[in-house]
Amino acid sequence: MTARPALNRSLAEFGTTIFAEMSQLAAETGSINLGQGFPDTDGPAEVLEAARRAIAEGRGNQYPPGPGVPELRRAIAGHQRAAYGLDYDPEREVLVTAGATEAIAAALLGLLEPGDEVIALEPYYDSYAACIAMAGARRVPVTLRPDGDRFALDLDELRAAVTGRTRLILLNTPHNPTGTVLPREQLAAIAELCAQRELYAVTDEVYEHLVFDGGAHIPLATFPGMRERTVSISSAGKTFSVTGWKVGWVCASPELTAAVRAAKQFLTYVSSGPFQYAVAEALALPAEYYASFTADLQAKRDLLAAALADAGFGVMRTQGTYFITADIRPLGLPGAEGADGEAFCRALPHRAGVVAIPSQVFYDHREQGAPYVRFAFCKRPEVLTEAAGRLKALAAR
């Protein structure tokens, strides 16, 4: 045996994910897990029945076609047309993946060369950094900074981050973990920047239908010149509360779709056969489904936001997603004064019987995220009410 470490150097900085660690801590302490973003209820009954029916009828029990079953690719193209006015050819411009996480990995592996730079909005979903590293590229974070009660993008900082080595911008809106939804004028400026500097965009839009307070998600691909430059990624997991099905998709020009498929075919090749047929039916649900689903989540957001404020946290405004970011500094508790969110989150299950995620794990510049923790509100109201009662004990300390 040689002295060389077993782990590839590009992945050396990535250990066990914080989600696994905090979920284990929740189980060990009997805490309410508001850390990982998955619902504790199942999706629509008719969608679940569609999956059972597909299995019973033998549809998808063997390998589905590599690009995805035709029914789902047509349904995705129909969704993009109905929701955003974007026309994609289901045969050449739609690719089904094992969730959005695989779509992101395949897009980055398919589009990047070693030494390329990728701009990502910080804080960011943890797989971004690992996928960029696996592609041999370099991540360049642009930090979303507090602006009153929300996080905001500084366009000048974004423009300054672009260099001659920048290949693409990895954009997530609605944004996890901050809950920020980028406004039209900023998206237009990003589109203009991509055109001027000849950049591609990879857009993570998994929370596209989870926008609150009457707001709306606007895909970057809808802006002039961006349809041919953008790899648009979404999935069924968040929209239909079936995160375990792992059905995601890519919509892009034929050239970009082919680049993503070239990498994707050597990752999972295919996945989720019967679930693909069920998701095709889910995408045909009426507009009332989306309105009701969003209203339900908005009510849960409001419930948890009020509970966090009552407990003494500083609560940042969530415009979309499953998550609320809270500032621990107003609490004045051990781990809060020094703004150490990770220490605070490791102690919180013992203090209050609730698990959260420290936001600093989503940053390269960890000091920027140190005062903040992320809570998920995609849980049953009774669970959130119980968590609210437990958190209220913090205010009495």
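- As recorded in an unreviewed UniProt entry, the protein goes by Probable N-succinyldiaminopimelate aminotransferase DapC and comes from Actinospica acidithermotolerans.
- Reading the Function (unreviewed entry) entry of the UniProt record for the protein gives the comment "Involved in the lysine biosynthetic pathways. It catalyzes the transfer of an amino group from L-glutamate to N-succinyl-2-l-amino-6-oxoheptanedioate (N-succinyl-2-l-amino-6-ketopimelate) in a PLP-dependent reaction, yielding as products N-succinyl-l-2,6-diaminoheptanedioate (N-succinyl-diaminopimelate) and 2-oxoglutarate."

## Here we look at the overall build of the protein
Okay, so step 1: Helices and strands together make up the secondary structure of the protein, namely 14 helices and 15 strands.
Okay, so step 2: Its C-alpha atoms give the protein a radius of gyration of 21 Å, within 12% of the compact-globule value 21 Å for 397 residues.
Okay, so step 3: When the backbone C-alpha atoms are referred to their principal axes, the protein occupies close to 60 × 55 × 50 Å.
Okay, so step 4: By residue count, 58% of the 397 residues in the protein fall in the buried class.
Okay, so step 5: Of the contacts formed within the protein by residues at least 6 apart in sequence, a portion of 74% connects residues at least 24 apart.
Okay, so step 6: Surface accessibility of the protein: about 16000 Å² in total, with carbon and sulfur atoms responsible for 52%.
Okay, so step 7: Each charge sign in the protein was given a centre, from 37 positive and 46 negative side chains, and these centres are 3 Å apart.

## A closer look at the nonpolar core
Okay, so step 1: Core analysis: the largest hydrophobic core is formed by 134 residues, its most contacted members being Ile190, Val231, Phe313 and Phe375.
Okay, so step 2: Counting residues per element, this core draws most heavily on helix H4 (residues 99–111), which supplies eight residues.
Okay, so step 3: When neighbours within four sequence positions are excluded, Phe313 is seen to be in contact with Leu308, Ala326, Asp327, Ile328, Pro330, Leu331, Phe344, Val373, Phe375, Leu391 and Leu394.

## Re the packing of aromatic side chains
Okay, so step 1: In the structure shown here, the tally under the stated rule is 15 aromatic pairs.
Okay, so step 2: An aromatic cluster is defined as three or more aromatic residues linked by ring pairs; in this entry it consists of Phe240, Tyr289, Tyr290 and Phe293.
Okay, so step 3: Between Arg374 and the ring centre of Phe323, over which it is positioned, the NZ or CZ distance is 3.6 Å.
Okay, so step 4: One residue, Lys379, lies across the ring of Phe38, its end atom 3.9 Å from the ring centre.

## Structural notes on the sheet that holds strand S9 (residues 230–235)
Okay, so step 1: Strand order across the open sheet formed by seven strands is S2-S10-S9-S8-S7-S3-S4, with mixed pairing between neighbours. Strands with a single pairing partner mark the edges of an open sheet, and in this sheet they are strand S2 (94–97) and strand S4 (138–143). For this sheet, the mean angle separating the axes of adjacent strands, direction not counted, is 20°.
Okay, so step 2: Bridging between strand S3 (residues 117–122) and strand S7 (residues 166–172) involves four bridges; their strand directions are parallel. Pairing of Ala120 across the sheet is with Leu170, part of S7.
Okay, so step 3: Contacting S7 and strand S8 (200–204), helix H7 (residues 184–197) crosses the sheet at an angle of about 165° to S7.
Okay, so step 4: Contacts from helix H9 (residues 254–264) reach S2, S8, S9 and strand S10 (248–251) within the one sheet, and its direction differs from that of S2 by about 25°.

## Digging into the pattern of salt bridges
Between side chains of opposite charge, pairing is possible as soon as their charged atoms come close.
Okay, so step 1: Evaluated as defined, the whole model comprises 23 salt bridges.
Okay, so step 2: Of the charged contacts, one joins Arg59 and Glu57 as a salt bridge, the two residues approaching to 3.0 Å between their closest N and O atoms.
Okay, so step 3: Note on Arg59: relative accessible area 25%, which makes it partly exposed.
Okay, so step 4: Three or more residues are tied together by salt bridges with common partners; here these are Glu21, Glu342, Arg346 and Arg366.

Rules used in this analysis
Residues numbered from 1 in each chain as written. Predicted model: local features only at pLDDT ≥ 70, side-chain atom pairs only at ≥ 80, totals over all residues. Heavy atoms only, no water. UniProt positions renumbered as here; feature names shortened; annotations may be inferred. Helix = DSSP H or I, 4+ residues; strand = E, 2+ residues; numbered from the N terminus. Rg over C-alpha atoms; globule rule 2.2 N^0.38 Å. Buried < 20%, exposed > 50% of the residue type's maximum accessible area, 1.4 Å probe, protein only. Contact = heavy atoms within 4.5 Å. Areas by Shrake-Rupley, 256 points an atom, 1.4 Å probe, with all protein chains shown as cover. Lys, Arg positive; Asp, Glu negative; His and termini not counted. Charge placed at Lys NZ, Arg CZ, Asp CG, Glu CD. Core = buried A, V, L, I, M, F, W, Y, C linked by side-chain atoms within 4.5 Å. Phe/Tyr/Trp six-rings, centres within 6.5 Å; stacked < 30°, edge-to-face > 60°. Lys NZ or Arg CZ within 6 Å of the ring centre and 35° of its normal. Pairing = 2+ DSSP bridges. Axes fitted to C-alpha atoms, helices over the stretch in contact; angles between N-to-C directions. Salt bridge = Lys/Arg side-chain N within 4 Å of Asp/Glu carboxyl O.

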